[in-house]
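Here's the letter readout for the chains.
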Amino acid sequence: MKFKVYRYNPDVDAKPYMQDYELEDIEPGMMLLAALLRIKDELDETLSFRRSCGEGVCGSDGMNINGTNGLACISPVAELKQPIEVRPLPGQPVVRDLIVDMDQFYQQYRAVKPYLIVKDPMPEVELPQTPEQREKLDGLYECILCGCCSTACPSFWWNPDKFLGPAALLQASRFIEDSRDQALDERLADLEGPFKLFRCHTIMNCVQVCPKGLNPTKAIGDIKKKMVTRSL
Amino acid sequence: MKRRQFDTLIIGAGGGGLRAALQLSNADTSVAVVSKVFPTRSHTVAAQGGMNAALSNVTQDNWHWHMFDTVKGSDYLGDQDAIEYMCRAAPKAVYELEHFGVPFSRLDNGSIYQRPFGGQSQNFGGDQAARTCAAADRTGHAILHSLYQQNIHAKTHFFDEYFAVDLLKDEEGHVLGALVFNIHDGEIIVIEAKTTLLATGGAGQLFRTTTNALINTGDGLGMALRAGIPLQDMEFFQFHPTGIAGRGMLITEGARGEGGYLVNGDGERLMERYAPKAKDLASRDVVSRAIATEVRDGRGCGPNKDHVMLKLDHLGEAVIQKRLPGIRQTCITFLGIDPAETPIPVFPTAHYTMGGIPTNRYGQVVVPVKDTPEEPVFGLYAAGECACVSVHGANRLGGNSLLDILVFGRAAANHIIEHLAENRYHLTMDENSIDKAMENLQRWDQKGKTDGESVSQLRDELKAVMEEHCSVFRNEDVLKQGVEKVEQLARRLKDARIDDQSSVFNTAKVEALELDNLMCCALATIHSAYARTESRGAHSRMDYTERDDKHWMRHSLYSLESGLDYKPVRTKPMSVDSFPPKPRVY
């Protein structure tokens, strides 16, 4: 099986290049991460990428696979056209090979105050929440911060400092929709202005690539609706 | 060399580290969290089924029953003071998490959803209890993200993608921080801290087939051993009954809690023979042995009869989608089957390190000094899977590990706050200890002998040896060979080499340092297992099939310098009567 992998190590390379690798004896059901690990172990120890859980839960191994962002650990190689082209997530500074600098991404995440804000005194037991209220968080809380969505978003490429991006906005929605949260007004006010939220042009790349099947575009739309309702 | 000073250094950013960090940041102390991965990549994220607490939301319950189940589950090797502490603290720990924002699943009355899990009973061994608080089957994810979010709010200082190499000490052996390096650019920093908390997780990468993430290489355990601290009870490694056969992905015990059950190659519901009462919700060690026995005796499933089936399809799609959406997705992704229609092939899979760095219930690391079996090491704490309090003893109950990390992460932080009030100044570090840590790091900068072996080759061999010689069933011959093989691998590791000498995000170097740590864990595990001539909990000897309380109701301590030593189990709880050892029947 043939692979073309983006290589760049600022220590030694003047500029990035694509390197070819070939693996034999591909096991049935093999995921791209397993293939990259085999390349690293058997062919080229210097190939660098992040990885951890290996089952699509930790969000470490987001990368661009044949032109589409995804997680290497849940992408079966058999379903990919050869040579499989693997690049770092687009639009972010490359640290080395498939590893990008995620600082901007995390900064936007922190900017939406991604934590529950309760102003009333806390009860001695759990805050009550009905199953219906809890269901509103389904499709929002499962985000693994892999960065596939935001780095696939043209609005984020152009204004990564001003547009919060789909991942951070999904997170904003997760707290806006939480019946226990008591900062709705502040949260909505924080998202005012032409850029933070409204730079979303519903291109929906985020929905296409999300490895967890989440829908940031819908979350963004729901926030917009809430803003309209609030301003009335 | 750059030096930074903090009140507390926390190594590891999983649930234990983050719970402690939050407590310390909110107490206005300065805290640095060093993690080799971005915090939400920590392995807590992969915990599925939930967290035990006697809330009585579904079945009548109380902490004393939870305590009984945990002591029994531990096969009477757990320390009963720590177990009482944990079970009493559990409800508060859950409510705190809920207040931090964890999106627990809910019951119709608005309270937290609880499901039945293995080894849970009402009234000291009576009817099945439902004690496990869950956020669908993504409880670890929900908890880890909420804790990280709260730490953002508390402005905790994070060193993301820094690797901790070794603990640093003064001449008296007080622990004063660690030598770390920035994985991004290789910069080495000495972090000076009045207190250091190890929260580095387990060592599941010891085995070839494992539910554990690639980062679970026992780094804190290696650091402790190299600092002269013995590791406790390392022979007790949990094999989860339901890893996906041959692949290792975890299928939560919650799948059986929701009504799933195991069937063998004859289509028989096998657990009825091994645990007539609890059946599929017996303790994990019991269920794992049952599956391994079925397969060994030729009653496995599939063309090679090398696994059994976990049947869920009778639960219906709605229940599976609502309560078990994560494992459903995992099965579709990795097996191409939908458990709502097709049973899942499963086999016992390496899952959890019951042993670890010995601590008391305040999280202080304790070592034997002369006649005192448990003398605190000044300045050093440990919490979570890397620690051995010991609340899990010889076998952990499902749902008790998330509880462990939260209760003892918090307890350690509270003790640290007291310690800081009494010890207000940084002590002077012994420069030799920095030199020694530098040596361990820079050993990988030399290319070594040209015929030196590669890190990946040695790591693969180690994992194969551990799987073959230290698995569900063990005996004298197999363990003896295992000891020899691991010792030999440890010697070969001294000449291993890496080719990658870049200072930029050098993952080859990280993997080499991880193998150093893993090798320490392997030595401790195989030596402790070889020496223990009884069967207890997860340590099952074919040649010593009975539990031997007279000789072996004691904790193992393995150190690099002096090999094996033992200390008594703390059988006296804090306030209630002790649970004396009884035959363990489910």
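Residues numbered from 1 in each chain as written. Chains lettered and ligands numbered in written order. Predicted model: local features only at pLDDT ≥ 70, side-chain atom pairs only at ≥ 80, totals over all residues. Heavy atoms only, no water.

Undergrad: Tell me what's going on with the interface of chain B and chain A, and back it up with residues and numbers.
TA: Where interface size is given, it is often the accessible area lost as the parts come together that is meant. Taken together, the contact between chain B and chain A spans 57 residues of the former and 58 residues of the latter. Summed over both sides, the interface between chain B and chain A buries roughly 4700 Å², with carbon and sulfur atoms accounting for 52% of that surface. A salt bridge links Glu98 of chain B to Arg180 of chain A; its shortest N-O distance comes to 2.8 Å. Contributing elements (two or more residues each) for the side of chain B that touches chain A: helix H3 (80–100), helix H4 (139–153), helix H10 (325–335), helix H13 (455–469) and helix H15 (507–531) of chain B. Looking at which element gives the most residues to the side of chain B that touches chain A, the answer is H4 of chain B, with 7 residues. When grouped by side-chain class, the residues that make up the side of chain B that touches chain A number 24 nonpolar, 20 polar and 13 charged. (Contact = heavy atoms within 4.5 Å. Buried area = accessible area lost by both parts, 1.4 Å probe. Salt bridge = Lys/Arg side-chain N within 4 Å of Asp/Glu carboxyl O. Helix = DSSP H or I, 4+ residues; strand = E, 2+ residues; numbered from the N terminus. Nonpolar A, V, L, I, M, F, W, Y, C, P; charged D, E, K, R; others polar.)

Undergrad: Explain the sheet that holds strand S12 (residues 261–263) of chain B to me, and be specific about the residues and the numbers.
TA: Residues and elements named next belong to chain B. Pairing is antiparallel in the open sheet, where 4 strands are placed in the order S11-S14-S13-S12. Each edge of the open sheet is held by one strand with a lone partner, namely strand S11 (237–244) and S12. Neighbour-to-neighbour, the strand axes of this sheet turn through a mean angle of 50 degrees, independent of strand direction. Here S11 pairs with strand S14 (residues 344–353) via 6 bridges, running antiparallel. For Gly243, the partnering residue across the bridge sits in S14 and is Phe347. (Pairing = 2+ DSSP bridges. Axes fitted to C-alpha atoms, helices over the stretch in contact; angles between N-to-C directions.)

Undergrad: Run through the pattern of salt bridges, naming residues and quoting values.
TA: Residue and element names in this part refer to chain B. Within this structure, the stated rule accounts for 70 salt bridges over all chains. Measuring nitrogen to oxygen at the nearest pair gives 3.0 Å for the salt bridge that ties Arg570 to Asp81. Here the residue Arg570 occupies a position in the segment after strand S22 (563–568), and Asp81 occupies one in helix H3, the gap between them amounting to 489 residues. Through salt bridges that share partners, Asp75, Glu235, Asp285, Arg289, Arg532, Glu534, Arg536, Arg547, Asp549 and Arg584 make up one connected network.

Undergrad: So what's going on with the nonpolar core? Residues and values would help.
TA: A general trend in soluble globular proteins is that nonpolar side chains are found buried together. Ranked by size, the top nonpolar core spans 124 residues in total, and within it Phe3, Leu32, Leu36, Met63 and Ile84 of chain A together with Met51 and Leu97 of chain B carry the most contacts. Tallying contributions element by element places helix H11 (residues 400–422) of chain B first for this core, with 11 residues. Once residues lying within four places of it in the same chain are set aside, the contact partners of Phe3 of chain A are Gln19, Asp20, Tyr21, Leu23, Leu32, Ala35, Ile39, Val77, Pro83 and Ile84 of chain A. The next biggest cluster of nonpolar side chains, apart from the first, holds 88 residues, and it includes Ala350, Ile357, Val365 and Ala382 of chain B. (Core = buried A, V, L, I, M, F, W, Y, C linked by side-chain atoms within 4.5 Å. Buried < 20%, exposed > 50% of the residue type's maximum accessible area, 1.4 Å probe, protein only.)

Undergrad: Tell me what's going on with the pairing of strand S2 (residues 31–35) of chain B, and back it up with residues and numbers.
TA: Each regular strand displays side chains that alternate between the two surfaces of the sheet. Residue and element names in this part refer to chain B. Among the 5 residues in S2, 5 count as buried, and that is most of the element. Here S2 shows no split at all, with Val31, Val33 and Ser35 on one side and Ala32 and Val34 on the other all buried. As defined by bridge partners, strand S1 (residues 2–11) adjoins S2 across 4 bridges and the pair is classed as parallel. Looking at the pairing, Ile10 lines up with Val33 of S2. Chirality of the crossover, the property in question, places the unit of S1, helix H1 (residues 15–26) and S2 among those that are right-handed. Alignment of S2 against strand S6 (residues 157–160), held across 4 bridges, turns out to be parallel. Within S6, the residue paired with Ala32 across the bridge is His157. (Right-handed = clockwise from strand over helix to strand, strands pointing away.)

Undergrad: Help me get a handle on the domain arrangement of chain B, residues and values and all.
TA: All names here are of chain B. The domain boundaries assigned to chain B delineate domain 1 (245–349) and domain 2 (440–549). Placing the centre of domain 1 and that of domain 2 at their C-alpha centroids yields a distance of 30 Å. Taken together, the contacts link 7 residues of domain 1 with 6 residues of domain 2. Here domain 1 meets domain 2 over a buried area of about 460 Å², counting both sides, of which 68% is carbon and sulfur. Looking only at domain 1, the three residues that lose the most surface to domain 2 are Asp285, Arg289 and Arg296, adding up to 71% of its buried area. At the boundary of domain 1 and domain 2, one finds 0 salt bridges. (Domains from an automatic or database assignment.)

Undergrad: Outline the sheet that holds strand S5 (residues 128–133) of chain B, listing residues and values.
TA: Across the sheet, which stays open at both edges, the 3 strands sit in the order S3-S5-S4 (chain B) with antiparallel pairing between neighbours. Each edge of the sheet is formed by a strand with only one pairing partner; in this case those strands are strand S3 (51–52) and strand S4 (114–121) of chain B.

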